[in-house]
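Coordinate analysis (summary)
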Amino acid sequence: MLTGCYQKSYLESTYAKAYQTLVFIDLDGFKLINDIYGHNKGDEVLRDFAQTVKSMLRDRDAIIRFGGDEFVLLLEGSPCRGVQQRIEVIRCNIEAYFLAKQLHVSFSYGIVEVGGNIVSAINQADAAMYKQKHLRKQKHLAKQ
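If you're wondering where the values come from, they're calculated on a predicted model, not measured in any experiment. (Residues numbered from 1 in each chain as written. Predicted model: local features only at pLDDT ≥ 70, side-chain atom pairs only at ≥ 80, totals over all residues. Heavy atoms only, no water.)

With that settled, the discussion passes to the sheet that holds strand S2 (residues 62-67). Strand order in the open sheet formed by 4 strands is S2-S3-S1-S4, with antiparallel pairing between adjacent strands. Each edge of the open sheet is held by one strand with a lone partner, namely S2 and strand S4 (106-113). Here the average twist between neighbouring strands, direction ignored, is 25°. Bridge analysis of S2 against strand S3 (residues 70-75) gives 5 bridges, and the strand direction is antiparallel. By the bridge assignment for S3, Ala62 is matched with Leu74. In the packing of helix H5 (residues 118-143) onto the sheet, contacts are made with strand S1 (21-28), S2, S3 and S4, and the angle to S4 comes to roughly 140°. (Pairing = 2+ DSSP bridges. Helix = DSSP H or I, 4+ residues; strand = E, 2+ residues; numbered from the N terminus. Axes fitted to C-alpha atoms, helices over the stretch in contact; angles between N-to-C directions. Contact = heavy atoms within 4.5 Å.)

Time to look at the nonpolar core. One finds Val23, Phe49, Leu73, Ile87 and Phe107 to be the most contacted residues of the largest nonpolar core, which totals 26 residues. Going through the elements one at a time, S1, helix H2 (30-37), helix H3 (39-56), S3, helix H4 (80-99) and S4 are the ones with two or more residues in this core. In this structure Phe107 touches Ile25, Asp26, Leu27, Asp28, Phe49, Ile87, Ile90, Arg91, Ile94, Gln132 and Arg136, once residues within four positions along its chain are discounted. Counting 18 residues, the second largest nonpolar core, distinct from the first, contains Phe24, Ile64, Ala121 and Ile122. (Core = buried A, V, L, I, M, F, W, Y, C linked by side-chain atoms within 4.5 Å. Buried < 20%, exposed > 50% of the residue type's maximum accessible area, 1.4 Å probe, protein only.)

Right, let's talk about the packing of H2 against H3 for a bit. Helix-helix packing is characterised by the crossing angle of the two axes and by the distance between the axes. One way to put it is that H2 packs onto H3 with a least axis distance of 7 Å and a crossing angle of 145°. Across the interface between the two elements, Phe30, Ile33, Asn34 and Tyr37 of H2 pack against His39, Lys41, Gly42, Val45 and Leu46 of H3. Tallied by class, residues from the contact of H2 with H3 come to 5 nonpolar, 3 polar and 1 charged. (Nonpolar A, V, L, I, M, F, W, Y, C, P; charged D, E, K, R; others polar.)

Let us look at the pattern of salt bridges. Under the criterion given, the structure shown has 10 salt bridges. The shortest N-O distance in the salt bridge between Lys41 and Glu44 comes to 3.3 Å. Within this pair, Lys41 and its partner Glu44 are both found in helix H3, separated by 3 residues, close to a single helical turn. For Lys41, a relative accessible area of 23% puts it in the partly exposed group. Connected via shared salt-bridge partners are Asp26, Asp28, Lys133 and Arg136. (Salt bridge = Lys/Arg side-chain N within 4 Å of Asp/Glu carboxyl O.)

What follows covers the packing of aromatic side chains. Counted by the stated rule, this structure contains 7 aromatic pairs. Between Tyr6 and Tyr10 the ring centres are 4.0 Å apart and the planes differ by 20°, which places this aromatic pair in the stacked class. Here Tyr6 falls in the partly exposed class, since its relative accessible area comes to 41%. Looking at Tyr10, the relative accessible area reads 13%, which means it is buried. Residues Phe49 and Phe71 carry aromatic rings whose centres are separated by 5.0 Å and whose planes lie at 45° to one another, so their mutual orientation is tilted. (Phe/Tyr/Trp six-rings, centres within 6.5 Å; stacked < 30°, edge-to-face > 60°.)

Mapped onto the fold, Ser108 is located in strand S4. Look at Ser108 and you get buried, because its relative accessible area is 0%. Within the structure, Ser108 has its side chain in polar contact with the side chain of Asp28 (distance 3.0 Å). Those residues in contact with Ser108, other than ones at most four positions away along the chain, are Phe24, Ile25, Asp26, Asp28, Arg91, Met129, Gln132, Lys133 and Arg136. (Polar contact = N/O pair within 3.5 Å; in protein donor to acceptor, adjacent residues only side chain to side chain.)

Here it is as structure tokens:
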């Protein structure tokens, strides 16, 4: 197993439905790493990303590799506002970690309450993540 994360099938388990908050994450800058440095480096980035995020989660939280460079975090008992602050800290740490390796890696995310329906939560969080990704790209282009 490349990343040491739960697999996507975990989201279909009864365990997944017990979590209150879902965060859908998509890496920013990952395709460029694969294109420039090759897939072995891409695999290393995925492993490092997963392990670094996992080290910043609580023991009862879960990280799932959804596919490619997409991950889902399942978090217990956190209101979305508190979760956003935690995810921003994680993102800053991820950016610093990879910058020290001279790589530009970050991520966009969407946060939703699970509400007992994982499929719906994933769809909502995915849509929120794409909205954030678009806004981050626009902001980045405006700076250039």
